[in-house]
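Observations on chain architecture
Here's the letter readout for the chains.
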Amino acid sequence: MNWFNTNAAHNLINMLILLLTGLVGFDWTLFGIDAALALKITGVLTLLKILINIVRDGVAGLVRNQPAVEGN
């Protein structure tokens, strides 16, 4: 899986967060997810993104200017 890297993981996590928080009018109780649980899941996903950044770039990488993305 050469295409799956930390950026792909971030994009996947962003989509999950958008799905949980962006569909405000959707009734998640059909799936056993109430508003409080959706908030907890979103918090854990956001924390996971921060931890991925710390492991990948170190704590200083959280505030460092990021390099430009190179195209293929």
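Above this text you will find the structure in question.
Anyway, here's the lowdown on the structure attached to this text. Quantities reported herein were computed from a predicted structural model and do not represent experimental measurements.

The biggest cluster of nonpolar side chains holds nine residues, and these are Ala9, Ile13, Ile17, Leu20, Trp28, Ile33, Ala38, Leu45 and Ile52. Counting only elements with at least two residues in this core, the list comes to helix 1 (6-22) and helix 2 (35-57). For this core, the leading source of residues is helix 1, giving four residues.

Pairing between side chains of opposite charge can happen when their charged atoms approach one another. For the structure on display, the rule yields one salt bridge. Note that Arg56 is salt-bridged to Asp57, the shortest N-O span being 3.3 Å. Since its relative accessible area comes to 23%, Asp57 is described here as partly exposed.

Okay, helix 2 next. Helix length check: helix 2 (23 residues) gives 33 Å between terminal C-alpha atoms against 33 Å at 1.5 Å per residue, within 8%. Looking at helix 2, one finds that the buried residues are Ala38, Thr42, Leu45, Lys49, Ile52 and Asn53. Among the structural elements, helix 1 are those in contact with the buried residues of helix 2. Backbone geometry just downstream of helix 2 places Gly58 in the positive-phi region, at approximately 85 degrees.

Parameters at a glance
Residues numbered from 1 in each chain as written. Predicted model: local features only at pLDDT ≥ 70, side-chain atom pairs only at ≥ 80, totals over all residues. Heavy atoms only, no water. Core = buried A, V, L, I, M, F, W, Y, C linked by side-chain atoms within 4.5 Å. Buried < 20%, exposed > 50% of the residue type's maximum accessible area, 1.4 Å probe, protein only. Helix = DSSP H or I, 4+ residues; strand = E, 2+ residues; numbered from the N terminus. Salt bridge = Lys/Arg side-chain N within 4 Å of Asp/Glu carboxyl O. Expected span 1.5 Å × (residues − 1). Contact = heavy atoms within 4.5 Å.

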